[in-house]
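# Coordinate inspection notes
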Amino acid sequence: MAWTWFHRLGSPPYIYGLAARLTPWFAWPAAGLIIYALYAGLAVAPADYQQGEGYRIIFLHAPSAWMSVMVYTTMAISAAVGLIWRIKVAHAVAASCATLGATFTFATLVTGSLWGKPMWGTYWAWDPRVTFELLLLFLYLAYMALRSAFDDIQRADRVSAVLAVVGVVNVPIIHYSVIWWNSLHQAPSVMKLGKPTMPPEMYIPMLAMFLGFTLLFGALLFTRLRAEVLNRERTASWIRDVVNA
Amino acid sequence: MSKLILRGESLHLWRGERHVLRGVSLELRSGDILQLTGSNGAGKTTLLRILSGLIYPEEGRVLWSGTNIREDLRAYHAQLSYVGHEPPLKSDLTARENLRYWVGVRRRLGAADIDAALDEVGADEWRDRAARTLSAGQKRRVALAGLKLIGAPLWLLDEPTTNLDIAGQTLISRMIEQHATNGGLVLAAVHHELPVQARPVGRLDLAAA
Amino acid sequence: MSAVLATPAFEAARLILARDLRLAFRRPGEMLQPLVFFAIVTTLFPLAITPELSQLRQVAPGVVWVAALLSSLLALEFLYRDDAHDGTLEQYALSGQSLTLLLFAKTATHWLLTGVPLAVMAPLAGMALGAPVASVAGTVASVALGSVALSLLGAIGASLTLGARRSGVLLSILTLPLAIPVLIFGARATQLAIAGEDLAAPLYLLGALAVLGITLAPLAAAAAVRISLE
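Here the structure is a predicted model, which means the values were calculated and not measured.

Looking only at helices and strands, chain B has 6 helices and 9 strands in total. Relative to the globule expectation of 17 Å for 209 residues, the C-alpha radius of gyration of chain B, 17 Å, shows essentially globular dimensions. Taking the principal axes of the C-alpha coordinates as reference, chain B spans close to 45 × 35 × 35 Å. For chain B, with 209 residues in total, the buried portion stands at 47%. When contacts within chain B are restricted to residue pairs at least 6 apart in sequence, those whose partners lie at least 24 apart make up 71%.

See below:
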């Protein structure tokens, strides 16, 4: 039973329709959560006793960082699925992730830089986590560059899938870098098991932002995926039905 | 020399938007010679590459002696020789060295074996010159020597008569005939008829598909 | 049909190694180019930064390693692209031997032709940049070990870019980010060697990267090569 569901997911027209139906379910809650989190985080939560007001950028920085890594993992997994089982839709998903992931990574680096100035006195530091996050950005860019270097979409898909899978090694490195090395970054305070070390007025908006960003990614991914599927299947007959409907 | 049968079942392939192979099926048995014909772009090379396992067909499958080649691709490869458009030679190596490194990776060869094979293709004077100094016809002859040396039962050949003079054409037709008589299988993509006379040659035309 | 005596796997690998080395020595100029490049690049730094040895000593590990990294990339063209163009790579994929093992042999060739000479040249470059003579052993060890991982990563990058447009630049864009951990540990090891301290820790890490690379890189490279033949 589970396999028929899996096989249906591999069908471009089905995915196209599914993505269209799911987008509003992701987009609206995302908007709501992000607006709430922005308000609660920027206006309502109390100032941090060590860092003052400047710390508030963490409400954008930490979720962006989480997303940059999560999107890469999604990209790598769908690339692997496409590579092993030769499912074209999986490759379309991976392709749709790339720009989104790169944007989140860039946002992480920028928000981190803005936070760095008041906190550590510098806009940039070659701290392990920062360095590996930058490496993540390079991996996204390398993935996109590799894709565009092949005219045949199938070849581009499969070659960049290998790269995506090879680069996934970077993901645990980013997470563990703060534990393995002396780092300016604090040890994980949100992404760890057990009681969180933040007060609820900070913790709840933070979680809301995490969830909001995740849903936002979902909505954006589905939108891009539909465009990607349309492009790849442009000569197929089901496209004409969709366009004429 | 039991059940050597190559079977391709309903092979489909798309290249981007082009439906290059539309449900091609074929069967080749021990002793058969089949020539693939069709205009440029009809998919002859693509079909050969699918049969060799290099390309994965989007639909259909390839069977060797009843088993899907995908189940043990390396074992299948050990049973075939695929020679493409261009003879696979390194320009900086001599004919002898090329054969040693090309065939030697597959089966143990002595210098005597290599020399014997080169003798057969008429490489008396030029066997120790760098391949880049050889003419296209000479390179093709080295490729034929390699084909013989590899000794695999299934031969997949892409335009095997290219660049060969009359003597060369006789050479390859003799080789193909001998191979088939000994129970081998030959599948060749061609633009002109294979110059084989001593045995029946089947035909599969791709343009018609 | 005569009985086909298949070549055992390791002999096949040895044959590939022999072939590639023979090909490299047929073109000694091309073989030396990466090393010449290394020498030139390391020379640029004292000219661009400062001729003061005391200051250069600080940047010596980094300079040596970046130059080694870039030089290592140059030799990859030669190893993979030619085989892809003349059809010999395809024949190896069809040989019935493990493509992973054959590519591992190619990687070993790359290391012998690039990594080992660089390991010899690196301490010389280091000393030209102010490193003490006592640091020679440490520098040789770190470059020799680190270049193993570099050759492996280069194999992945080279096979991914077979048949791509602008493959030269693309190869660098792909391989350099993946090589960052090697660079970090390698430069650290060289730095400790120059300071006269114990460099066991980064050497172990370089070794770990090499082992990780040996197990995974030829597999990834073989997958990429098969994709390029489709």
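Structure's up, so let's keep going.
With that settled, consider the overall build of chain A. Per the secondary structure count, chain A includes 9 helices and 0 strands. The order of helices and strands in chain A, counted from the N terminus, is α-α-α-α-α-α-α-α-α. Buried positions account for 40% of the 245 residues belonging to chain A. Long-range pairs, those at least 24 residues apart, make up 77% of the contacts in chain A with a sequence separation of at least 6.

Before going further, it helps to examine the interface of chain A and chain C. If you look at the interface, chain A gives 14 residues, while chain C gives 15 residues. Residue composition of the side of chain A that touches chain C, grouped by class: 12 nonpolar, no polar and 2 charged.

Residue and element names in this part refer to chain B. Pairing of strand 3 (residues 33–37) with strand 8 (residues 185–189), which is carried by 4 bridges, proceeds in the parallel orientation. Within the sheet, the bridge partner assigned to Leu 34 lies in strand 8 and is Leu 187. By the bridge criterion, 4 bridges tie strand 3 to strand 9 (residues 202–205) in an arrangement that is parallel. Within strand 9, the residue paired with Leu 36 across the bridge is Leu 204.

Next up on the list: the packing of helix 5 (residues 128–148) of chain A against helix 7 (residues 167–195) of chain C. At a minimum axis distance of 9 Å, the contact between helix 5 of chain A and helix 7 of chain C shows a crossing angle of 155°. As the angle between them shows, helix 5 of chain A and helix 7 of chain C are arranged roughly antiparallel. For the pair helix 5 of chain A and helix 7 of chain C, the sense of crossing is left-handed. Listed contacts from helix 7 of chain C to Leu 135, Phe 138, Leu 139, Ala 142, Ala 145 and Leu 146 of chain A of helix 5 of chain A are Leu 170, Ile 173, Leu 174, Pro 177 and Ile 180 of chain C.

Now for the sheet that holds strand 6 (residues 80–83) of chain B. Residue and element names in this part refer to chain B. Strand order in this open sheet of 5 strands is 6-7-8-3-9, and the pairing throughout is parallel. If you trace the sheet from one side to the other, it starts and ends with strand 6 and strand 9, each paired once. Shown here is a sheet whose adjacent strand axes are inclined to one another by a mean of 15°, direction ignored. Of the pairings in the sheet, the one linking strand 7 (residues 154–158) to strand 8 comprises 5 bridges and is parallel in character. Each bridged residue has a counterpart across the sheet, and for Trp 155 the counterpart in strand 8 is Val 186. The sheet contacts of helix 6 (residues 166–181) involve strand 3, strand 7 and strand 8, and relative to strand 8 the element is tilted by about 145°.

All names here are of chain C. For the pair helix 1 (residues 9–26) and helix 5 (residues 99–128), interaxial distance at closest approach is 8 Å and the crossing angle is 40°. Crossing of helix 1 against helix 5: the hand is right-handed. Residue-level inspection shows Ala 9, Ala 12, Ala 13, Ile 16, Leu 17, Asp 20, Leu 21 and Ala 24 of helix 1 in contact with helix 5, the latter providing Leu 101, Leu 102, Phe 104, Ala 105, Lys 106, Ala 108, Thr 109 and Leu 113. Residue composition of the contact of helix 1 with helix 5, grouped by class: 13 nonpolar, 1 polar and 2 charged.

With that settled, consider the domain arrangement of chain B. Residues and elements named next belong to chain B. Along its sequence, chain B is carved into domain 1 (1–79 + 154–209) and domain 2 (88–151). A straight line from the C-alpha centre of domain 1 to that of domain 2 covers 23 Å. In this assembly, 9 residues from domain 1 lie in contact with 8 residues from domain 2. Top element by residues in the side of domain 1 that touches domain 2 is helix 6. It accounts for 4 residues.

On to the sheet that holds strand 5 (residues 67–68) of chain B. Residues and elements named next belong to chain B. Taken together, 4 strands build an open sheet; the order of strands is 2-1-4-5 and the sheet is antiparallel. Sheet topology places strand 2 (18–29) and strand 5 at the edges, where each strand pairs with a single neighbour. Relative to strand 2, strand 1 (residues 5–15) is paired through 9 bridges, and the arrangement is antiparallel. Looking at strand 2, one finds that Leu 6 is bridged to Leu 28.

Further remarks concern the environment of Phe 104 of chain C. Locating Phe 104 of chain C in the fold gives a position in helix 5. Residues contacting Phe 104 of chain C, with those up to four places away along its chain left out, are Ala 13 and Pro 218 of chain C.

With that out of the way, let us pick up the interface of chain C and chain B. Between chain C and chain B, the residue contacts involve 25 residues of the former and 29 residues of the latter. If you list the elements that add at least two residues to the side of chain C that touches chain B, you get helix 1 and helix 4 (88–93) of chain C. At 6 residues, the largest contribution of residues to the side of chain C that touches chain B is made by helix 1 of chain C. Residues belonging to the side of chain C that touches chain B are distributed by class as follows: 11 nonpolar, 8 polar and 6 charged.

Excluding glycine, a negative phi dihedral is what most residues carry, and trans is how most peptide bonds are arranged. Residue and element names in this part refer to chain B. Of note in the backbone geometry, Glu 159 takes a positive phi value of approximately 50° without being a glycine. Locating Glu 159 in the fold gives a position in the loop between strand 7 and helix 6. Positioned with a positive phi, Asn 163 is a non-glycine residue whose angle comes to about 70°. One can find Asn 163 in the loop between strand 7 and helix 6.

This part covers the pairing of strand 7 of chain B. Every regular strand shows the same layout, with side chains that alternate between the two sheet faces. All names here are of chain B. Most of strand 7 is tucked away: 5 of the 5 residues are buried. Relative to strand 7, strand 6 runs parallel, the two sharing 4 bridges. Note that in strand 7 the partner of Ser 81 across the bridge is Trp 155. For the crossover that starts at strand 7, traverses helix 6 and ends in the parallel strand 8, the hand is right-handed.

Below, the discussion takes up the nonpolar core. A general tendency of soluble globular proteins is for nonpolar side chains to be buried together. Counting 206 residues, the largest nonpolar core has Val 162 and Leu 163 of chain A together with Ala 224 of chain C as the members making the most contacts within it. Per-element tally for this core: the top contributor is helix 8 (residues 200–232) of chain A, with 15 residues. Viewed by domain, this core spans two of them, domain 1 (1–79 + 154–209) and domain 2 (88–151) of chain B, each represented by three or more residues. Not counting the four nearest positions on each side in its chain, Leu 163 of chain A is found in contact with Ala 142, Tyr 143 and Leu 146 of chain A together with Leu 160 and Leu 174 of chain C.

What counts and how
- Residues numbered from 1 in each chain as written.
- Chains lettered and ligands numbered in written order.
- Predicted model: local features only at pLDDT ≥ 70, side-chain atom pairs only at ≥ 80, totals over all residues.
- Helix = DSSP H or I, 4+ residues; strand = E, 2+ residues; numbered from the N terminus.
- Rg over C-alpha atoms; globule rule 2.2 N^0.38 Å.
- Buried ≥ 20, exposed ≤ 12 C-beta atoms within 10 Å, placed from the backbone.
- Contact = placed C-beta atoms within 7 Å.
- Nonpolar A, V, L, I, M, F, W, Y, C, P; charged D, E, K, R; others polar.
- Pairing = 2+ DSSP bridges.
- Axes fitted to C-alpha atoms, helices over the stretch in contact; angles between N-to-C directions.
- Parallel < 35°, antiparallel > 145°, perpendicular 65-115°, else oblique.
- Left-handed = near helix turned anticlockwise from the far one by under 90°.
- Domains from an automatic or database assignment.
- Right-handed = clockwise from strand over helix to strand, strands pointing away.
- Core = buried A, V, L, I, M, F, W, Y, C linked by C-beta atoms within 7 Å.

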